[in-house]
Every structure is written in C-alpha cells, then in structure tokens.
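# Topology and contacts: notes
Below are the chains, spelled out letter by letter.
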Amino acid sequence: MTQRHPALPEAPAHDRLGLTSRVARRLMLWALLVGCIGMLAVSIGESFYAYRQRIDHIEVQLESLGEFITPSLAKSAWAFDREQIELQMAGITELADVSAVRLDLKGQPPMRFGATALSNDLHEHTRPVIYFEDGRTHNLGTLTLIKDLSDDRAAMARIWAMGWGNRFRLWPMVISLGRSASACARSPRCCRRPSTRCC
C-alpha cells in the first residue's frame, strides 16, 4: 500500500525565492560569488591577452618600418642632406603606430620629430643607421621609433568595461541557478531523505 505524504503548504509570496531559508541564502550567495569571480577572471584574462597582442603587433610594425626606412635615411645622413632627413623623419611620424621618432647621429645633436607631450608608458624600437660603401660599413648612429601606449591602454580599458557590461547580462542566469538550488533544497524529496535535514 502506497503511503501518501501530506502536501506541504505553499510558500508565501515573499518567500518565493527561498530567501527566508538559511541554506537557500547560502546557496544563492555562493552562486553569485562564484559567478562574479568567474566573470572577473575571464574579463581580466581576455583584456591582458588582447593588450599583449597589440604590443606584439606594434613591435612588428616598428621593426618592419625601421628596416624599410634606415637604408635611405643612412644615405641621406652620409651625404649630409639635412633637408631630406627632416622630410623622411616627418613622414614617419604620420604613421598610426609611430608617435615620435628620434635620430641620433654621431657628432650631431639629436633630431626629434612627432609628438612632444608623451606619457611614461612608451614602447621604443631602436636600430642602427648603417651606410654601406665599397664593402665597408659605416655606423652613423641610431634611429628610435617611439609609440605612446596611453591611447592603447585607454582603448583596452573601454573594451574591458564593455566586456563587463555584456557579462552582467549573465546575472539573470546566475540568479536562476541560485533559485533552482534553493528550490531543490526545499523540495519534499529533500525532506524525505534520511541524511538530509529539511530547510
């Protein structure tokens, strides 16, 4: 003969989330805490990875630009063609990945073009300016390409904030999981198990 259990009274309206139960409150708190920590970890990881990719891209661009411009710059420096040097240097600073450029030729004062007000967060790529003549190499100085990373950091911060905004849309799912866990803890099956204490 099947034994029937009396129906449990329906929870009042203010307890539909199970928040008056200590166990339910703990389950809800843990669900929210784990969800928050998980979203924060994922967001920080993605932002760091994107920033490192951006730095690697800048380094490749500056290296390629340096390899392309130094031969003609060395030729102009060897001929003491200051006008051509200034024209080439000014053209370099028009590129998106170059904030400023500095040319240090031996025996001459440094030449600098581009932005003058730079932050302390800079990425620099320096390469020698070498002129080849009759099988001989002449080291004339160094060329330094400078990229100010402050704008890139600001862009990464905006992306990070947008990522957080998108992840906040997952909060209803987290809350729903907490409600499901609460409902499970308060269910009659839970109460009928000998090893489980009813909420």
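Here is a short report on the structure shown in this document. (Residues numbered from 1 in each chain as written. Predicted model: local features only at pLDDT ≥ 70, side-chain atom pairs only at ≥ 80, totals over all residues. Heavy atoms only, no water.)

### Regarding the overall build of the chain
From N to C terminus, the chain includes five helices and four strands. Going residue by residue from the N terminus, the α and β elements of the chain occur as α-α-β-β-β-β-α-α-α. Within the chain, contacts between residues separated by at least 24 positions form 65% of all contacts whose residues are at least 6 apart in sequence. Entry remark: accessible area of the chain is about 13,700 Å², with carbon and sulfur atoms responsible for 59%. (Helix = DSSP H or I, 4+ residues; strand = E, 2+ residues; numbered from the N terminus. Contact = heavy atoms within 4.5 Å. Areas by Shrake-Rupley, 256 points an atom, 1.4 Å probe, with all protein chains shown as cover.)

### As for a nonpolar patch on the surface
A surface patch of nonpolar side chains, amounting to about 440 Å² of accessible area, comprises Trp30, Leu33, Val34 and Ile37. One can find leucine 33 in helix 1 (residues 22–78). (Patch = residues over 30% accessible without salt bridge, like charges linked within 9 Å, V, L, I, M, F, W, Y side chains within 5 Å. Salt bridge = Lys/Arg side-chain N within 4 Å of Asp/Glu carboxyl O.)

### Quick look at the sheet that holds strand 3 (residues 122–133)
Read from one edge to the other, the open sheet built from four strands follows the order 2-1-4-3, with strand pairing classed as antiparallel. Here the strands that pair on one side only, and so sit at the sheet edges, are strand 2 (111–114) and strand 3. Strand-to-strand twist of the sheet, defined as the mean angle between neighbouring strand axes without regard to direction, takes the value 20 degrees. Contacting strand 1 (100–105), strand 2 and strand 4 (136–148), helix 2 (residues 82–92) runs over the sheet at an angle of about 35 degrees to strand 2. (Pairing = 2+ DSSP bridges. Axes fitted to C-alpha atoms, helices over the stretch in contact; angles between N-to-C directions.)

### A short note on the nonpolar core
Core analysis: the largest hydrophobic core is formed by 24 residues, its most contacted members being Ile85, Met89, Leu103, Leu140, Leu143 and Leu145. Elements represented by at least two residues in this core include exactly helix 1, helix 2, strand 1, strand 3 and strand 4. When near neighbours in sequence (up to four residues on either side) are disregarded, methionine 89 contacts Leu73, Val101, Arg102, Leu103, Met111, Phe113 and Leu143. (Core = buried A, V, L, I, M, F, W, Y, C linked by side-chain atoms within 4.5 Å. Buried < 20%, exposed > 50% of the residue type's maximum accessible area, 1.4 Å probe, protein only.)

### Topic: the pattern of salt bridges
One pass over the full model with this rule turns up four salt bridges. Across the pair glutamate 86 and arginine 82 runs a salt bridge whose closest N-O atoms are separated by 3.2 Å. Separated by four residues within a single helix, glutamate 86 and arginine 82 lie in helix 2, roughly one turn from each other. A relative accessible area of 33% places glutamate 86 in the partly exposed class. Using a relative accessible area of 44% as the deciding quantity, one classes arginine 82 as partly exposed.

### Comments concerning helix 2
Every buried residue of helix 2 is accounted for by Ile85, Gln88, Met89 and Ile92. Along the axis of helix 2, the buried positions cluster into a sector of 100 degrees, meaning they face one direction only. Facing away from the buried surface of helix 2 by more than 90 degrees, the exposed residues are Glu83 and Leu87. (Arc of directions from axis to C-beta.)

### A look at the packing of aromatic side chains
Using the criterion set out here, one finds one aromatic pair in the structure. Between tryptophan 78 and tyrosine 131 the ring centres are 4.9 Å apart and the planes differ by 15 degrees, which places this aromatic pair in the stacked class. Here the residue tryptophan 78 occupies a position in helix 1, and tyrosine 131 occupies one in strand 3, the gap between them amounting to 53 residues. When its relative accessible area of 32% is taken as the criterion, tryptophan 78 is described as partly exposed. (Phe/Tyr/Trp six-rings, centres within 6.5 Å; stacked < 30°, edge-to-face > 60°.)

### Considering the pairing of strand 3
Side-chain positions along a regular strand alternate between the two faces of the sheet. For strand 3 and strand 4, the ladder comprises twelve bridges, and the chain directions are antiparallel. Of the residues in strand 4, the one forming a bridge with valine 129 is glycine 141. Two successive antiparallel strands, strand 3 and strand 4, enclose a turn made up of two residues, where aspartate 134 displays a positive phi of approximately 55 degrees.

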